[in-house]
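Per-entry structural report
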Amino acid sequence: MSDHTEHLEELREIVAEVLELEPEEVADAADFVDEYDADSLRAIEILARIEKKYKVDIPQSELNDMRSLKAVYTVVARYAGWRD
């Protein structure tokens, strides 16, 4: 499994847990708000769990861009220094 795939699946697990979904229900491009009724508190919880797991600091100003799994991956990769 590539690092990209592994990181994406780890992020899917975090998002699914916070949104109270099964990981396979979280589509890569699905908008968390439109598709899963996520609110700002859940977005902050997702961010907090990601920061703790990967030991990165991501400004809350990035939350507006973190509305899908693909978008979350892009933001986290930038702050964590992941190279695909």
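This section reports on the structure supplied with the text. Computed from a predicted structure; not experimentally measured. (Residues numbered from 1 in each chain as written. Predicted model: local features only at pLDDT ≥ 70, side-chain atom pairs only at ≥ 80, totals over all residues. Heavy atoms only, no water.)

1. With respect to the environment of Pro59
As for its position among the elements, Pro59 is in the loop between helix 3 (40–54) and helix 4 (69–80). Assessed through its relative accessible area of 36%, Pro59 is described here as partly exposed. Apart from residues no more than four positions distant in its own chain, Pro59 is found in contact with Leu47 and Tyr79. (Helix = DSSP H or I, 4+ residues; strand = E, 2+ residues; numbered from the N terminus. Buried < 20%, exposed > 50% of the residue type's maximum accessible area, 1.4 Å probe, protein only. Contact = heavy atoms within 4.5 Å.)

2. Observations concerning helix 4
The end-to-end C-alpha distance of helix 4 is 16 Å, a good match for the 16 Å that twelve residues give at a rise of 1.5 Å each. Looking at helix 4, one finds that the buried residues are Leu69, Ala71, Val72, Tyr73, Val75, Val76 and Ala77. Residues of helix 4 that are buried make contact with helix 1 (3–19), helix 2 (32–36) and helix 3. After helix 4 finishes, the residue Gly81 shows a positive phi value of roughly 75°. (Expected span 1.5 Å × (residues − 1).)

3. What to know about the nonpolar core
Grouped together as the largest cluster of nonpolar side chains are 27 residues, with contacts concentrated most on Leu11, Phe32, Ile50, Tyr54, Ile58, Met66 and Val76. For this core, the elements supplying multiple residues, two or more each, are helix 1, helix 2, helix 3 and helix 4. Examining the composition of this core, we find that seven residues originate from one element, helix 1, more than from any other. Aside from chain neighbours lying at most four places away, what touches Met66 is Phe32, Leu47, Ile50, Ile58, Ala71, Val72, Val75 and Val76. (Core = buried A, V, L, I, M, F, W, Y, C linked by side-chain atoms within 4.5 Å.)

4. Things to note about empty space enclosed by the protein
Going through the model one piece at a time under the given rule, you end up with one cavity of 30 Å³ or more. Roughly 30 Å³ of volume is contained in the largest cavity. Phe32, Ala43, Ile46, Leu47, Leu63, Met66 and Val72 are the residues that line the largest cavity. Residues that form the lining of the largest cavity fall into these classes: seven nonpolar, no polar and no charged. (1 Å grid on protein atoms, 1.4 Å probe; cavity = no way out; pocket = protein on both sides within 12 Å on 5 of 7 lines; lining within 4 Å. Points joined across faces, edges and corners; volume = space filled by probe spheres on them. Nonpolar A, V, L, I, M, F, W, Y, C, P; charged D, E, K, R; others polar.)

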